[in-house]
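# Observations on the model geometry
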Amino acid sequence: MKGAFLLVFVMATVMAVSVDDLESFGNFKLEHKKHYKSAVEEMRRLQIYVKNQMKIMQHNMRFEQGQVSYSLKLDQYSDLDDDEFERNMYGALPDIDDNFTQHEPAFNDRTSSFANIPDYVDWREKGAVTEVKTQGHCGSCWAFSTTGALEGQVFIKTNRLISLSEQNLIDCTSNYRCRGCRSGWMNNAFQYIKDNGGIDTEASYPYEAKNGQCRYDPENLGATNKGYVTIPRDENKLKEAVATVGPISVAINCLPSIHHYGDGVYYEENCNPNKHNHAVLVVGYGTDENGDDYWIVKNSWGKRWGRDGYIKMARNQDNNCGIASSASYPLV
């Protein structure tokens, strides 16, 4: 063990990594219980960590000067480079296949315009949102978005908050063109739950962060749905749905700038609203003290990421990151 540390120290010295960097990296490893298979691998992670740390410091200087609307922070993913993070944490969501899923009415076909939509909504305060979960190194974000929306609808209907099984969806939806840890789509998952007659509880079918054999058991039923409703590509309609329906499944375009999000309203000018590579859950919205409108978004990257697992994403900024491009919710 001492030899491995000495090798890392010597290599770090050669690479001009400072003593402060080594100390910071040591604290990072302790805090996040990081263990590497070799000294060479640890050195590589150190280099990535230092590079990410510098990027965060430079960004936060711009934040303090009011040049950007959000800050960054070190987190459990700070030893991953951008390509690794994308491979492990996104869902590479496919386009909706209209020939595969049953056509469902859009939100504006099911509701009239509400004149008194509140300025602030947070379904966490109403008890409709389960704890932040962690997808691990598995592109199953679509499954977490699916369960989050259904958990919310079940709570609103029954006043019971039941954590539902993402692993059930990962293992059992291959016939619905979902590929487990590789990719998936929320509407297809809603359709599976409808056709299957339900989804198991998280407690009975716990998360494994890998593809497995389907083990659905109707004895462990947690919830079902009657289909799903799509929401037009319109932030005002998404706001109306969040206010009047509950938490909403959405797909977004993630860029590397989101990896170390810390606080503030996340706005990314380079986001592509037509490209989806990650799925999340909108649980509310509001406006901050600077007058910036935001969506309250639940992620599946653990509680240590972002604001205890959440991010405030820009609202009324030309559908930034495509947050209103593909929104839906299940019918219960």
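Up top is the structure.
Residues numbered from 1 in each chain as written. Predicted model: local features only at pLDDT ≥ 70, side-chain atom pairs only at ≥ 80, totals over all residues. Heavy atoms only, no water.

## Observations concerning the side chain of Gln167
Short version of the rule: Here a helix means four or more residues in a row that DSSP labels H or I, a strand means two or more in a row labelled E, and each is numbered from the N terminus. By the criterion applied in these results, polar contacts are pairs of N or O atoms within 3.5 Å in which, for protein atoms, one can donate a hydrogen and the other can accept it, and in which residues neighboring in sequence qualify only through two side-chain atoms. In what follows, residue pairs with any heavy atoms lying within 4.5 Å of each other are defined as contacts.
Mapped onto the elements of the fold, Gln167 is located in helix α7 (residues 166–172). Side-chain polar atoms of Gln167 contact the side chain of Asp171, separated by 2.9 Å. Separated by 2.7 Å, the side chain of Gln167 and the backbone nitrogen of Glu208 make a polar contact. Once you skip the residues sitting within four places of it in the chain, Gln167 turns out to touch Tyr205, Pro206, Tyr207, Glu208, Ala209, Lys210, Gly212 and Arg215.

## Here we look at the state of the cysteines
Put simply, the test is: Two cysteine sulfur atoms form a disulfide, by the criterion used here, when they sit within 2.5 Å. Only protein chains enter the calculation, and the probe is 1.4 Å; a residue is then buried if its accessible area is under 20% of its type maximum, exposed if over 50%, and partly exposed in between.
One pass over the structure, following the stated rule, counts three disulfides. Two residues, Cys138 and Cys181, share a disulfide whose sulfurs are 2.0 Å apart. Between Cys138 and Cys181 the sulfur-sulfur dihedral comes to about -95°; the bridge is accordingly left-handed. Taken as a pair, Cys138 in the loop between β2 (121–122) and α6 (141–158) and Cys181 in the loop between α7 and α8 (186–196) lie far apart in primary sequence, 43 residues in all. Take Cys138: its relative accessible area is 1%, and that puts it in the buried class. Two residues, Cys172 and Cys214, share a disulfide whose sulfurs are 2.0 Å apart. Classification of the bridge connecting Cys172 and Cys214 rests on its S-S torsion, roughly 100°, and on that basis the disulfide is right-handed. Taken together, the positions of Cys172 in helix α7 and Cys214 in the loop between β3 (199–200) and β4 (221–223) put the pair 42 residues apart, joining distant regions of the chain. Residue classification places Cys172 among the buried positions, given a relative accessible area of 12%. Sequence-ordered numbering of the disulfide-bonded cysteines in the protein gives the connectivity 1-3, 2-4, 5-6.

## Quick look at α6
What counts is decided by this rule: One fewer than the residue count of a helix, multiplied by 1.5 Å, yields its expected span.
The end-to-end C-alpha distance of α6, which contains 18 residues, comes to 26 Å, matching closely the 26 Å that a straight helix rising 1.5 Å per residue would cover. Most of α6 is tucked away: 15 of the 18 residues are buried. Immediately downstream of α6, the backbone of Asn159 shows phi near 65°, a positive value.

## Some remarks on the pattern of salt bridges
As a reminder, the rule being used: Any carboxyl oxygen of Asp or Glu within 4 Å of a side-chain nitrogen of Lys or Arg constitutes a salt bridge here.
Following the criterion strictly, the structure yields 18 salt bridges and no others. A salt bridge links Glu41 to Arg45; its shortest N-O distance comes to 2.7 Å. With a gap of four residues between them, Glu41 and Arg45 both fall in helix α3 (residues 39–64), about one helical turn apart. Since its relative accessible area comes to 18%, Glu41 is described here as buried. Judged by its relative accessible area of 9%, Arg45 is buried. Linked by salt bridges that have partners in common, Glu41, Arg44, Arg45, Asp81 and Glu84 make up one network.

## So, the pairing of strand β7 (residues 261–266)
Let me state the cut-off plainly: One requirement defines pairing of two strands: DSSP has to find at least two bridges between them.
Of all six residues in β7, five are buried, a share of seventy percent or more. As judged from the three bridges shared by strand β1 (residues 70–72) and β7, these two strands associate in the antiparallel manner. Opposite Tyr70, over in β7, you have Gly264 as the bridge partner. Note that β7 and strand β10 (residues 310–314) share two bridges and pair parallel. Looking at β10, one finds that Val265 is bridged to Lys312.

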